[in-house]
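# Descriptive analysis of the structure
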Amino acid sequence: MLGALRPAVHKTLLRAWTKPGGVAALLWPLSLIYQCLVRIRRQLYSSGAFKTQRVGARVIVVGNVIAGGAGKTPTVIALVQHLRAQGQRVGVISRGYGREGTACVEVHCDSDPRTVGDEPLLIQRATQCPVFVGPTRHAAAAALLARYPGTETIVCDDGLQHYGLYRDLEICVFDDRGRGNGLHLPAGPLRESWPRRPVARAGQSNERLLVLHTGGRPAFAGYRAQRSLAPFAVERDGTQVSLKTLSATGAPALVALAGIAQPESFFSMLRALKLPLAQTISLPDHYTFNSAPHPIYEGYRLVCTEKDAVKLWPFAPQALAIPLVFSPEPAFFAALDSALAERDSAKLSSPHGHKTT
């Protein structure tokens, strides 16, 4: 029964987080406690009571300050592709949210998403770069560098609020929700206050922060990225299927599945392409499909996100994944390159350098 209540509770909170209201007011006292704990934790890192560890490569952390997905994984993929196009040796680290076990392991294209996580597996398949998951981000980074010692840049998938790993650059991603109602969890979507302030550490320069908006109407300053669906779907063996064939006369009816933080964003893009959807099924983020009611799929052609496909294909091998086309504006990459060059220059003149602690 608790599992059945979770989607309803989730939807209620999402609605409450969009603007001030009764639910937000009821939860506001709890949000004050949460905000206080966040500030104390940041202060412990600033004072040195909690240690921040460096690794032998520069680190870019991609995350957000609002609960739920905002486009972090597509941003990580775009960053890796951009840096590798410049000839840099890049790796990715993650906690592997929702995976089984806590071992520090490398992610391969044929890895089981249950043991490495769906998002790390998607990143590895999209970029073919080294990807490691671990119990902590520092442990994952250390394992990556031990296996690939020539790595120059490590991109951390999520972890904006996890200060145990030193970072040279932070990228904060927002979607259409912006800051929501501006309140902290659980009264609002904010994990920390915005505008965000870096953790000031004695003797260390502050992190550089770039803001990337993946939604249509940014509410405040930052760079923008366009999101759309590819004009084709992908079968399990990699074969591409034109979306036009999915809406042709006589084609099977479509059922769209989405086990992501914002399922409706995927469904809206499908509708914009005029695909004939017989049904849409919203599932919890990181849904495993182990207990999916298979008979509901019979007689339909399934379409899903790439993130869902890596877990759905073992149970529904005929499902089609529709890739996301994610394109940050050129000014974002120019700012990224400038920030990294500035940080590299500062480190060359700093006694700290890139030492591993």
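This report concerns the structure included in the present document. (Residues numbered from 1 in each chain as written. Predicted model: local features only at pLDDT ≥ 70, side-chain atom pairs only at ≥ 80, totals over all residues. Heavy atoms only, no water.)

## Details of the nonpolar core
Core analysis: the largest hydrophobic core is formed by 55 residues, its most contacted members being Val155, Ile171 and Leu336. In this structure Val155 touches Ile60, Val62, Val76, Leu79, Val80, Leu83, Val90, Gly91, Val92 and Ile93, once residues within four positions along its chain are discounted. Ile260, Phe267, Leu275 and Leu320 belong to the second largest nonpolar core, which has 17 residues in total. (Core = buried A, V, L, I, M, F, W, Y, C linked by side-chain atoms within 4.5 Å. Buried < 20%, exposed > 50% of the residue type's maximum accessible area, 1.4 Å probe, protein only. Contact = heavy atoms within 4.5 Å.)

## Comments concerning the side chain of Thr305
With respect to the helices and strands, the residue Thr305 is situated in the loop between β13 (301-304) and α9 (306-312). Side-chain polar atoms of Thr305 contact the side chain of Asp308, separated by 2.8 Å. Contact partners of Thr305, with chain neighbours within four places excluded, come to Leu257, Ile260, Phe266, Ala321 and Ile322. (Helix = DSSP H or I, 4+ residues; strand = E, 2+ residues; numbered from the N terminus. Polar contact = N/O pair within 3.5 Å; in protein donor to acceptor, adjacent residues only side chain to side chain.)

## Some remarks on the layout of surface pockets
By volume, the second largest pocket amounts to about 340 Å³. Asp112, Pro113, Arg114, Val310 and Lys311 are, among the 23 residues lining the second largest pocket, the residues nearest its centre. Of the residues that constitute the lining of the second largest pocket, the class distribution is 8 nonpolar, 6 polar and 9 charged. (1 Å grid on protein atoms, 1.4 Å probe; cavity = no way out; pocket = protein on both sides within 12 Å on 5 of 7 lines; lining within 4 Å. Points joined across faces, edges and corners; volume = space filled by probe spheres on them. Nonpolar A, V, L, I, M, F, W, Y, C, P; charged D, E, K, R; others polar.)

## Some remarks on the packing of aromatic side chains
Within the structure shown, the criterion is met by 10 aromatic pairs. Grouped by ring-pair contacts, the aromatic residues Tyr45, Phe50 and Tyr163 constitute a single cluster. Just above the ring of Tyr166 sits the side chain of Arg54; from NZ or CZ to the centre is 4.0 Å. Across from the ring centre of Tyr148, 4.7 Å away, lies the NZ or CZ of Arg147, which sits over that ring. (Phe/Tyr/Trp six-rings, centres within 6.5 Å; stacked < 30°, edge-to-face > 60°. Lys NZ or Arg CZ within 6 Å of the ring centre and 35° of its normal.)

## Comments concerning helix α5 (residues 118-127)
One full turn of an α-helix is made of 3.6 residues, so residues set three or four places apart face in the same direction. Of all 10 residues making up α5, 8 are buried, and the element is well covered by its neighbours. Buried positions along α5 lie against α3 (72-85), β2 (90-94), α4 (113-116), β4 (131-133), β5 (153-157) and α9. Following α5 by one or two positions, Gln128 adopts a phi angle in the positive range, close to 60 degrees.

## Some remarks on the sheet that holds strand β1 (residues 58-63)
Read from one edge to the other, the open sheet built from 9 strands follows the order β3-β4-β2-β5-β1-β6-β7-β8-β15, with strand pairing classed as mixed. The outermost strands of the open sheet, each flanked by one partner alone, are β3 (105-106) and β15 (324-328). In this structure, β2 lies alongside β5, joined through 4 bridges in parallel fashion. Within the sheet, the bridge partner assigned to Gly91 lies in β5 and is Ile154. Here α3 sits on the sheet in contact with β1, β2, β5, β6 (169-174), β7 (208-213) and β15, set at roughly 170 degrees to β5. Relative to strand β8 (residues 223-229), helix α8 (residues 263-272) is tilted by about 60 degrees, and along the sheet it contacts β8 and β15. (Pairing = 2+ DSSP bridges. Axes fitted to C-alpha atoms, helices over the stretch in contact; angles between N-to-C directions.)

## Digging into the pairing of strand β12 (residues 277-282)
As defined by bridge partners, strand β11 (residues 254-258) adjoins β12 across 5 bridges and the pair is classed as parallel. Paired with Leu257 across the bridge in β12 is Ile281.

## Describing the pairing of β1
Extensive coverage of β1 is indicated by the burial of 6 of its 6 residues. Neither face of β1 is exposed, since Arg58, Ile60 and Val62 on one face and Val59, Val61 and Gly63 on the opposite face are all buried. In this structure, β1 lies alongside β5, joined through 5 bridges in parallel fashion. Across the sheet, Val62 pairs through a bridge with Asp157, a residue of β5. With 4 bridges joining them, β1 and β6 adopt parallel strand pairing. Residue Gly63 lies in a different strand from β6, and its bridge partner there is Cys172.

## With respect to the packing of α3 against α5
Two numbers describe how α3 lies on α5: the axes approach to 10 Å, and their chain directions differ by 30 degrees. Considering their axes alone, α3 and α5 lie roughly parallel with respect to each other. The handedness of the crossing between α3 and α5 is right-handed. Across the interface between the two elements, Thr73, Val76, Ile77, Val80, Gln81 and Arg84 of α3 pack against Glu119, Leu122, Ile123, Ala126 and Thr127 of α5. Split into classes, the residues belonging to the contact of α3 with α5 amount to 6 nonpolar, 3 polar and 2 charged. (Parallel < 35°, antiparallel > 145°, perpendicular 65-115°, else oblique. Left-handed = near helix turned anticlockwise from the far one by under 90°.)

## Quick look at the environment of Leu246
Structurally, Leu246 can be placed in helix α7 (residues 243-246). With a relative accessible area of 4%, Leu246 lands in the buried category. Filtering out sequence-adjacent residues up to four positions away, Leu246 remains in contact with Val241, Ala251, Pro252, Leu254, Leu275, Pro276, Val303 and Leu320.

## Considerations on unusual backbone geometry
With an omega of 0 degrees, the peptide bond running from Leu185 to Pro186 counts as cis. Positionally, Pro186 belongs in the loop between β6 and β7. Cis geometry is adopted by the peptide bond preceding Pro195, which originates at Trp194 and carries an omega value of 5 degrees. Note on placement: Pro195 falls in the loop between β6 and β7. Phi is positive for Gln128, close to 60 degrees, though the residue is something other than glycine. Mapping Gln128 onto the fold places it in the loop between α5 and β4. Although it is not a glycine, Asp158 sits at a positive phi angle of roughly 75 degrees. By relative accessible area, Asp158 is classed as partly exposed at 23%.

All we've got here are geometric facts, nothing functional implied.
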